[in-house]
Amino acid sequence: MIFLDAAFSQHFAPADLAGAVRDALGKPLRRAAPLTQLAVTGALHAIPPQRRALPTALLWQSTSGPRRETLHLLGEMCGGGEPMPYDFLATQPAIAAAQLQPLLPGLDCAMHLPLDDEKRAGWSLLLALACRWLAAGRYAQVLCASLDCWDEAATGDWLSLSARPLENPLAGLQLSDMQPPDALPDTPDFPARLAGWLAGDGPAPLVLVSPRAARLTLEFSRL
Amino acid sequence: MNRPVYIGRRALLCARGDSPAAVAAALWAGQCSAGRRRLGARQFPYFALTGAETDWLRRAEGFVGQIAGQLGPLPAQTPLFVASSSFQIGHFEQLGPPFDLPPASASFTPLIAQWLGLDGPRYSFSNACIAGFSAIDAARTLIAGGLIDDAVVLGCELANASTLAGFASMELLSAEAARPFDAGRDGLVLGEALAAVHLSAEPADWRIAGLRTGLDGHSTTGPDPDGGRIAAVAVDCLNEAKMQAADIELVKLQAAGSPGTDLAEANALRRVFGQAMPPLLSFKAALGHTLGASGIAELAALLACLDADRLPATAGFARVDPEIALAPMVAPSTAHVERALLNLIGFGGGLASLIVARRP
C-alpha cells in the first residue's frame, strides 16, 4: 500500500496566477508560462519544505495544454516571421519541470500527458504508475496533477503520494482487482469526488476504474 | 508481479528509409544527405519524409498507415502510447487563421489510433525530446506489473514551421549539417519521423533491461555542462538493469551536434565509463533530430543495425573537439552487441537512458 498525503484543488483567475506564485515564493517567477506557474504553486503547496529534497516524480496531465501560447505562436507564424524565443518555449510544457526543479531539488522525473478528450482524464494511469514506482522504491513521493489554463480560469488538482507517509495520511491507495458497481469512472471530476469521499466517514473504499483498461483500477481506503 | 518486458515488432519511417531494415541498410551505406527547408529569408537543412501528398492530415494518415502495415495485425484493444513534441500543429498552420484548436490538446492521438485500427486505451506524452522514452517507461511499467499485456508505443514528429522557427529563433540550428561531438559542431538539424515498437510480456529478441528518466533544471534549453545529472540517470539505469558500466558494449548517443549538450553528454559518459569507453554512435547526422519521435525512431534503427550485426559509422564527425575528447565510431563495424545503452537529452531538462539486452 502507498499513502495519500495531500489532495487539493486550486482555482485562479488568470490575472491572479502570477500573484499566487509570488505569494508562494516570496518573489516573482520570471519568464514562466501559466502552466509552469500553476505547477509551481501546486507543487510547493503539496510538499512541505522538509520533504522537497526527497526523490520525487511529477506526473501531470492537461486538457488545455499551453493553448493560449500555441494560439499566440500560430499567430506569429502566420505573419511569416520567426517567433520570439520565449513565445516558442512557452508552448513547450516540458519546461515547467526545469523551472520547478530549483524549488523542488528532489524532483527527479517529470512526465507530461496531454489529454485527448475533454470528457476523460488519465488519473488511473498516473496513480497506477505512482503505485508501481513507489512500491519499487524508485521515488519517495509522487505528485499526480491535472493542470489546465483556460481563458476564464487556471485550475490545478493535486494528489501527493508517498511510500512512507506524512504523520497523518489522508488515505491508503493500492491497485485493486475489484470493480464495485459504484466505482468511479476516470473523468475530470474525479478529484471532486475524491474530496467528497475524504470528507465523509463511511467505511467503503473509493474505487477508480479506467473504462478502457480494466486492470488499471485503484482503491482508496481509510486508515 | 514484475515480469520482463520485450521489444517485439518495430516500424520506422524517416528520411533514410521506410522500414527499420531499410534504414539500417542506408546507415550502413553511409547515406546522410538532407534536403533544405525554407523559413522566411533563411534556409536550413532538414530531413523530410518523402511523399507527394500536400494536405498535412492526409499525409499523416498515409504515414501512419505505413507504420500499421509494418507492425502487422494487432488486436484492436492493444493499448496505444503516443509520443510527440508537436502533435498536429502543422495541420493548424496549414488551415490558417482563425485557428480553431480543439479543446483537448492531444486530439491528434484518437486520429492516430483510428488510422492504426486501435480502439483500446490510449495515452499521449509530450516531454520534448525524451517523450518517446517516457511513453515506453509508462507502457513497460504497466506491462511489468501485469496491468496490461502489451502496447504499441508510437513516436510522431511531422513537418511544421512552428518548431523549425522556434529552434531557429533560439539559434539552435546549424545552417549546414549536424556534426555530433565534432570540433566544428554548430547546431541541430531537425527531421521528420514516425516510428513504433510493440512492447509485450511475450518473449522476443530484445528485452528492456533498464529505463530511467531524469531531470536537469540547469536551464530550460540545455543540461549542466558538467554532465552530473545525465550520468546519474545512466547509473540509475545500469542499477535497474543489474549491470556494470563494463557490460555496455555500445552507446547510442543523444549527440545532435549541439555545442553545449554534446559537451554535457561527453562529460557524463566519462563519469560513467571512465577510461573504458564503449563504442559511441550517433544517428542524428543521418536521420535528423526528430524530437518527440527520436527516442523510438532511434531505438528502432539501432535494433535493426544490431540485428544485422552492422554498426554504421557516425555521419558528420570528422575532428575531435579537445574539450569533448571523445570520438564516436568513424568506421563501420560488424561487432555483435548484446547490450546497448541509449541516451536522450531534451529540452526542458528531460533526460533518459534505456538499456536493451538480447534475450539469452
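Only a predicted model underlies this, so the values are computations on that prediction, with no experimental measurement involved. (Residues numbered from 1 in each chain as written. Chains lettered and ligands numbered in written order. Predicted model: local features only at pLDDT ≥ 70, side-chain atom pairs only at ≥ 80, totals over all residues. Heavy atoms only, no water.)

Engineer: Could you give an account of the overall build of chain A, naming the residues involved and the relevant values?
Structural biologist: When you go through chain A residue by residue, the secondary structure sums to seven helices and nine strands. Out of the 223 residues in chain A, the part that is buried amounts to 59%. Of all intrachain contacts in chain A linking residues separated by at least 6 positions in sequence, the fraction that spans at least 24 positions is 72%. Here chain A has roughly 8900 Å² of accessible surface; of this, 54% comes from carbon and sulfur atoms. Charge-centre separation for chain A: the mean point of 17 positive side chains lies 5 Å from the mean point of 22 negative side chains. (Helix = DSSP H or I, 4+ residues; strand = E, 2+ residues; numbered from the N terminus. Buried < 20%, exposed > 50% of the residue type's maximum accessible area, 1.4 Å probe, protein only. Contact = heavy atoms within 4.5 Å. Areas by Shrake-Rupley, 256 points an atom, 1.4 Å probe, with all protein chains shown as cover. Lys, Arg positive; Asp, Glu negative; His and termini not counted. Charge placed at Lys NZ, Arg CZ, Asp CG, Glu CD.)

Engineer: Please provide a residue-by-residue account of the domain arrangement of chain B, values included.
Structural biologist: Accessible area lost when the parts come together is the quantity often used to give the size of an interface. Residues and elements named next belong to chain B. By domain assignment, chain B separates into domain 1 (6–200) and domain 2 (207–282 + 309–358). Measuring from the centre of the C-alpha atoms in domain 1 to the corresponding centre in domain 2 gives 22 Å. Each partner contributes residues to the interface: domain 1 has 29 residues there, and domain 2 has 47 residues. Sorting the residues of domain 1 by area buried against domain 2 places Trp28, Phe133 and Phe181 first, and these three jointly supply 30% of that buried surface. Among the salt bridges present, the one from Asp262 reaches Arg185, with a minimum N-O distance of 3.9 Å. Where domain 1 meets domain 2, there are 10 residue pairs in polar contact (both at pLDDT 80 or more). Among the elements of the structure, strand 1 (6–14), helix 1 (20–28) and helix 5 (131–144) are those that each provide at least two residues to the side of domain 1 that touches domain 2. (Domains from an automatic or database assignment. Buried area = accessible area lost by both parts, 1.4 Å probe. Salt bridge = Lys/Arg side-chain N within 4 Å of Asp/Glu carboxyl O. Polar contact = N/O pair within 3.5 Å; in protein donor to acceptor, adjacent residues only side chain to side chain.)

Engineer: Explain the packing of aromatic side chains to me, using residue names and the numbers behind them.
Structural biologist: The full count for this structure, using the stated rule, is 11 aromatic pairs over all chains. Geometrically, the ring pair formed by Phe8 of chain A and Trp158 of chain A is stacked, given 6.4 Å between the ring centres and 10 degrees between the ring planes. Highlighted residues: Phe8 of chain A in strand 1 (residues 2–12) and Trp158 of chain A in strand 5 (residues 154–162), separated in sequence by 150 residues. We classify Trp158 of chain A as buried; its relative accessible area is 1%. Taken together through their ring pairs, the aromatic side chains of Phe88 of chain A together with Phe167 and Phe347 of chain B make up a single cluster. (Phe/Tyr/Trp six-rings, centres within 6.5 Å; stacked < 30°, edge-to-face > 60°.)

Engineer: Now, about the sheet that holds strand 2 (residues 35–39) of chain B: what can you tell me, with residues and values included?
Structural biologist: Residues and elements named next belong to chain B. If you walk across this open sheet you meet the three strands as 2-3-7, and the pairing is mixed. If you trace the sheet from one side to the other, it starts and ends with strand 2 and strand 7 (190–191), each paired once. For strand 3 (residues 42–47) and strand 7, the ladder comprises two bridges, and the chain directions are parallel. Bridge pairing in strand 7 links Tyr46 to Leu190. The sheet strands contacting helix 6 (residues 161–169) are strand 2, strand 3 and strand 7, and the helix crosses strand 2 at an angle near 80 degrees. (Pairing = 2+ DSSP bridges. Axes fitted to C-alpha atoms, helices over the stretch in contact; angles between N-to-C directions.)

Engineer: I'd like a rundown of the packing of helix 1 of chain B against helix 10 (residues 294–307) of chain B, residues and numbers included.
Structural biologist: Residues and elements named next belong to chain B. Contact geometry for helix 1 and helix 10: axes closest at 8 Å, N-to-C directions at 70 degrees. By the angle between their axes, helix 1 is roughly perpendicular relative to helix 10. Where helix 1 approaches helix 10, its residues Pro20, Ala21, Val23, Ala24 and Leu27 are matched on the opposing element by Ala300, Ala301, Ala304 and Cys305. (Parallel < 35°, antiparallel > 145°, perpendicular 65-115°, else oblique.)

Engineer: If you had to explain the sheet that holds strand 4 (residues 80–83) of chain B to someone new, which residues and values would you point to?
Structural biologist: Residues and elements named next belong to chain B. With respect to topology, 10 strands assemble into an open sheet ordered 5-4-6-8-1-9-13-12-10-11, the strand pairing being mixed. At either end of the open sheet lies a strand with only one pairing partner, and these are strand 5 (122–125) and strand 11 (280–281). Along the sheet face, helix 4 (residues 108–116) touches strand 4, strand 5 and strand 6 (150–157) and points at about 125 degrees away from the line of strand 4. In the packing of helix 8 (residues 259–273) onto the sheet, contacts are made with strand 10 (250–252), strand 11 and strand 12 (339–345), and the angle to strand 12 comes to roughly 145 degrees.

Engineer: Requested: an account of unusual backbone geometry, with residues and values cited.
Structural biologist: Residue and element names in this part refer to chain B. Cis peptide bonds are those with omega within 30 degrees of zero, and the linkage from Pro97 to Pro98 qualifies with -5 degrees. Within the secondary structure, Pro98 is located in the loop between helix 3 (89–95) and helix 4. Phi is positive for Lys242, which is not a glycine, with a value near 55 degrees. Its location among the elements puts Lys242 in the loop between helix 7 (228–241) and strand 10.

Engineer: If you had to explain the environment of Leu194 of chain B to someone new, which residues and values would you point to?
Structural biologist: Residues and elements named next belong to chain B. Within the secondary structure layout, Leu194 lies in strand 8 (residues 193–200). A C-alpha to C-alpha distance of 6.4 Å links Leu194 and Ala293, two positions 99 residues apart in sequence. Beyond its immediate sequence surroundings of up to four residues, Leu194 is in contact with Ala11, Leu12, Leu13, Leu49, Phe63, Val64, Ile67, Gly155, Cys156 and Leu158.

Engineer: Lay out the pattern of salt bridges with the relevant residues and their values.
Structural biologist: Scanning all chains against the criterion turns up 22 salt bridges over all chains. Note that Arg3 of chain B is salt-bridged to Asp149 of chain B, the shortest N-O span being 2.8 Å. Of this pair, Arg3 of chain B sits in the segment before strand 1 while Asp149 of chain B sits in the loop between helix 5 and strand 6, and the two are 146 residues apart along the sequence. The class of Arg3 of chain B is partly exposed, set by a relative accessible area of 23%. Overall, the relative accessible area of 37% leaves Asp149 of chain B in the partly exposed class. Ionic contacts of the salt-bridge type, sharing partners, join the residues Arg138 of chain A together with Asp137, Arg140, Arg212 and Glu240 of chain B into one network.

Engineer: So what's going on with the nonpolar core? Residues and values would help.
Structural biologist: Across soluble globular proteins, you tend to see nonpolar side chains buried next to one another. If you look at the biggest cluster of nonpolar residues, it comprises 97 residues, and the most contacted ones within it are Leu127, Cys144, Phe190 and Phe220 of chain A together with Phe81, Ile136 and Leu199 of chain B. Among the domains, domain 1 (6–200) and domain 2 (207–282 + 309–358) of chain B are the pair contributing at least three residues each to this core. Setting aside its immediate chain neighbours within four residues, Phe190 of chain A contacts Trp123, Leu127, Leu159, Leu184, Leu206, Leu208 and Phe220 of chain A. In terms of nonpolar packing, the next biggest core, distinct from the first, is built from 30 residues, Leu238, Ala241, Ala264 and Leu269 of chain B among them. (Core = buried A, V, L, I, M, F, W, Y, C linked by side-chain atoms within 4.5 Å.)

Engineer: Residues and numbers for the side chain of Thr41 of chain A, please.
Structural biologist: Within the secondary structure layout, Thr41 of chain A lies in helix 2 (residues 34–46). At 3.0 Å, the side chain of Thr41 of chain A forms a polar contact with the backbone oxygen of Leu38 of chain A.

Engineer: So what about the interface of chain A and chain B? Which residues, and what values?
Structural biologist: Of the residues lining the interface, 56 residues belong to chain A; the matching set on chain B comes to 67 residues. Regarding the contact of chain A and chain B, the summed buried area is about 4700 Å², with carbon and sulfur atoms giving 60% of it. Note that Asp149 of chain B is salt-bridged to Arg215 of chain A, the shortest N-O span being 2.9 Å. In this structure, the connection of chain A to chain B is made through 21 residue pairs in polar contact (both at pLDDT 80 or more). Listing elements by their share of the side of chain A that touches chain B, those giving two or more residues are helix 3 (67–78), helix 4 (85–89), helix 5 (95–100), strand 3 (107–114) and helix 6 (123–135) of chain A. When its residues are assigned to classes, the side of chain A that touches chain B shows 33 nonpolar, 12 polar and 11 charged. (Nonpolar A, V, L, I, M, F, W, Y, C, P; charged D, E, K, R; others polar.)

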